[in-house]
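Reading the structure
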Amino acid sequence: MDEMSPFDPRVTKPFLRMVQDSEKHFLAGRHDRGDDLESAIRYFLEFLRGFESLDFEGRCVTGFGSARFDPGHRYYKLAQELGRKLAEHDYVVMTGGGPGVMEAANRGAKEGGGLSIGCNIQLPKEQQPNPYLDRFIEFEHFFVRKVMLVKYSSAFIIMPGGFGTLDEAFEIVTLVQTKKVESFPIIAMGGEFWSSLRKFARNTMVGEGTISEHELDLINHVETVEQAIGLIDKELS
């Protein structure tokens, strides 16, 4: 009998049923030691499945962004162009695997002939896997998914998004700031979308001393796909 792939639905669906709502249960308050040990085993199994599923070759770029932009939106089109150009430059493209900006980047990667990967998360709405994935793995736990999105990548691109995108972006910046990971390129695209946040960081966070001015440079702001690709090529060469 042929060995099933760890991202085959015959493997994925039973596993997800086993861990469904376990994150909500774990975060609901204090539990006895037996429950916590059982949770730890679930986390281990989910990590293991992720490691097995994401065994690929090639340099990878992870893109973050909103699930809420439709194909006609300018940010969708920008992400699609970005994914295509990354693939043409021999980069694997990884996203959260959902719709919107994630779908656009995966779609572009497929159009560019590259490997397109999605690390999806079970949510009540929005987060259904997009149809442009060569490899797809679905997670129950946010923190396991975030580890996978970081572990395999050498550069990160932050497109316009909501709370989830900001959470992912600030975690990457914090990992680089605290030297928990190598100083990989972190690139923000979307121009005016980030202008208020950049002002807040400079005027308030730097002004109050909660970050240093040089730490603003951890995020590279670019306007075009060509600038993003050029920066990644330069930093990873």
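Up top is the structure these notes are about.
So, a few notes on the structure that sits alongside this text.

We now examine the pattern of salt bridges. Considering all chains together, one arrives at 10 salt bridges under this definition. The partner of glutamate 38 in a salt bridge is arginine 42, and the shortest N-O contact between them spans 2.7 Å. Remark: arginine 42 and glutamate 38 occur in helix H3 (residues 33–53); sequence separation between them is four residues, near one turn of the helix. Residue glutamate 192 pairs with arginine 74 through a salt bridge whose shortest N-O separation is 3.4 Å. Highlighted residues: glutamate 192 in the loop between strand E6 (186–189) and helix H8 (195–206) and arginine 74 in helix H4 (residues 74–88), separated in sequence by 118 residues. Three or more residues are tied together by salt bridges with common partners; here these are Arg84, Arg107 and Glu111.

Our focus in this paragraph is the packing of aromatic side chains. What the rule picks out here adds up to eight aromatic pairs. A ring pair is formed by phenylalanine 47 and phenylalanine 51, whose centres lie 6.0 Å apart and whose planes are at 25 degrees; its orientation type is stacked. In this pair, phenylalanine 47 and phenylalanine 51 both sit in helix H3, four residues apart, roughly one turn of the helix. By relative accessible area, phenylalanine 51 is classed as partly exposed at 35%. Ring-pair connections join several aromatic residues into one group, and the members of that group are Tyr43, Phe47, Phe51 and Phe143. Lying over the aromatic face of tyrosine 75, arginine 74 brings its terminal NZ or CZ to 4.5 Å of the ring centre. In this structure, lysine 151 is placed above the aromatic ring of tyrosine 152, and the distance from its NZ or CZ to the ring centre is 5.6 Å.

What follows covers H3. The α-helix winds at 3.6 residues per turn, so residues separated by three or four positions along the chain end up facing the same way. Over its 21 residues, H3 extends 30 Å from the first C-alpha to the last, a length consistent with the 30 Å expected when each residue adds 1.5 Å. Of all the positions in H3, only Ser39, Arg42, Tyr43, Glu46, Phe47, Arg49, Gly50 and Ser53 are classed as buried. On an axial view of H3, the arc spanned by its buried residues comes to 160 degrees, and they lie on one face. Projecting away from the buried face of H3 at angles above 90 degrees are the exposed residues Arg33, Leu37 and Phe44.

Here the focus is the pairing of strand E3 (residues 116–121). The two faces of a sheet get side chains in turn, since along a regular strand they alternate between them. Extensive coverage of E3 is indicated by the burial of six of its six residues. The pairing of strand E2 (residues 92–95) with E3 spans three bridges and is classified as parallel. Considered in E3, the bridge of methionine 94 is made with isoleucine 117. Note that the unit made of E2, helix H5 (residues 101–111) and E3 has a crossover that is right-handed. Of the strand pairs in this sheet, E3 and strand E4 (residues 135–139) are connected by five bridges, and their pairing is parallel. Directly across from glycine 118, in E4, lies its bridge partner phenylalanine 136.

So, on to the state of the cysteines. Inspection of every chain in the model, using the stated rule, returns zero disulfides. Counting only cysteine sulfurs, cysteine 119 is the nearest neighbor of cysteine 60, a cysteine outside any disulfide, at a range of 8.5 Å. The class for cysteine 60 is buried, based on a relative accessible area of 1%.

The next point concerns the environment of leucine 78. The topology assignment puts leucine 78 in helix H4. Judged by relative accessible area, leucine 78 falls into the buried class, the value being 18%. Taking C-alpha positions, leucine 78 is 9.7 Å from glycine 108, a pair spaced 30 residues apart along the chain. Sequence-distant contacts of leucine 78, defined by excluding residues within four places in its chain, comprise Met159, Met189, Gly190 and Val225.

About the criteria used
Residues numbered from 1 in each chain as written. Predicted model: local features only at pLDDT ≥ 70, side-chain atom pairs only at ≥ 80, totals over all residues. Heavy atoms only, no water. Salt bridge = Lys/Arg side-chain N within 4 Å of Asp/Glu carboxyl O. Helix = DSSP H or I, 4+ residues; strand = E, 2+ residues; numbered from the N terminus. Phe/Tyr/Trp six-rings, centres within 6.5 Å; stacked < 30°, edge-to-face > 60°. Buried < 20%, exposed > 50% of the residue type's maximum accessible area, 1.4 Å probe, protein only. Lys NZ or Arg CZ within 6 Å of the ring centre and 35° of its normal. Expected span 1.5 Å × (residues − 1). Arc of directions from axis to C-beta. Pairing = 2+ DSSP bridges. Right-handed = clockwise from strand over helix to strand, strands pointing away. Disulfide = S-S within 2.5 Å. Contact = heavy atoms within 4.5 Å.

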